[in-house]
Amino acid sequence: VSRSTAAAFISACALSPQRDEIEIAHAIRRASPTATPNPRLVAVADSMLGRNGRMVTAIEKIGRGEECIEGVPFGIELH
């Protein structure tokens, strides 16, 4: 729920460098109400990808996902 959604968010940011981080975060939230990207992993990737804190801010804006025992698989479009 947190590491896998962080990986999805990080991958989408890396594969679509022109796409807005908040747009990607909102796409993940729409696809998965339980998604809670791990903030530590996102912070490391933000630094490595040179996103200047925008990835961290994006996941802070979508907030914590709904409580769950386990997540449900989801997908998002890469533009």
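A brief look at the structure comes next. What you are looking at is a predicted structure, and each value in this text was computed from that prediction instead of being measured.

The rules behind these values
- Residues numbered from 1 in each chain as written.
- Predicted model: local features only at pLDDT ≥ 70, side-chain atom pairs only at ≥ 80, totals over all residues.
- Heavy atoms only, no water.
- Helix = DSSP H or I, 4+ residues; strand = E, 2+ residues; numbered from the N terminus.
- Rg over C-alpha atoms; globule rule 2.2 N^0.38 Å.
- Buried < 20%, exposed > 50% of the residue type's maximum accessible area, 1.4 Å probe, protein only.
- Contact = heavy atoms within 4.5 Å.
- Salt bridge = Lys/Arg side-chain N within 4 Å of Asp/Glu carboxyl O.

Along the backbone of the chain there are 4 helices and 0 strands. For 79 residues, the compact-globule formula gives about 12 Å, and the C-alpha radius of gyration of the chain, at 11 Å, lands near that figure. In the chain, which comprises 79 residues, the proportion classed as buried is 37%. Put simply, of all contacts in the chain between residues at least 6 apart along the chain, 75% involve residues at least 24 apart.

Attention now goes to the pattern of salt bridges. Inspection of every chain in the model, using the stated rule, returns 4 salt bridges. The shortest N-O distance in the salt bridge between Glu21 and Arg54 comes to 3.0 Å. Here Glu21 is found in helix α2 (residues 21-31), whereas its partner Arg54 is found in helix α4 (residues 54-62), with 33 residues between them in sequence. Given the relative accessible area of 39%, Arg54 is considered partly exposed. Among the charged side chains, a salt-bridge network with shared partners connects Glu21, Arg51 and Arg54.

Treat this as a map of the structure, not an account of what it does.
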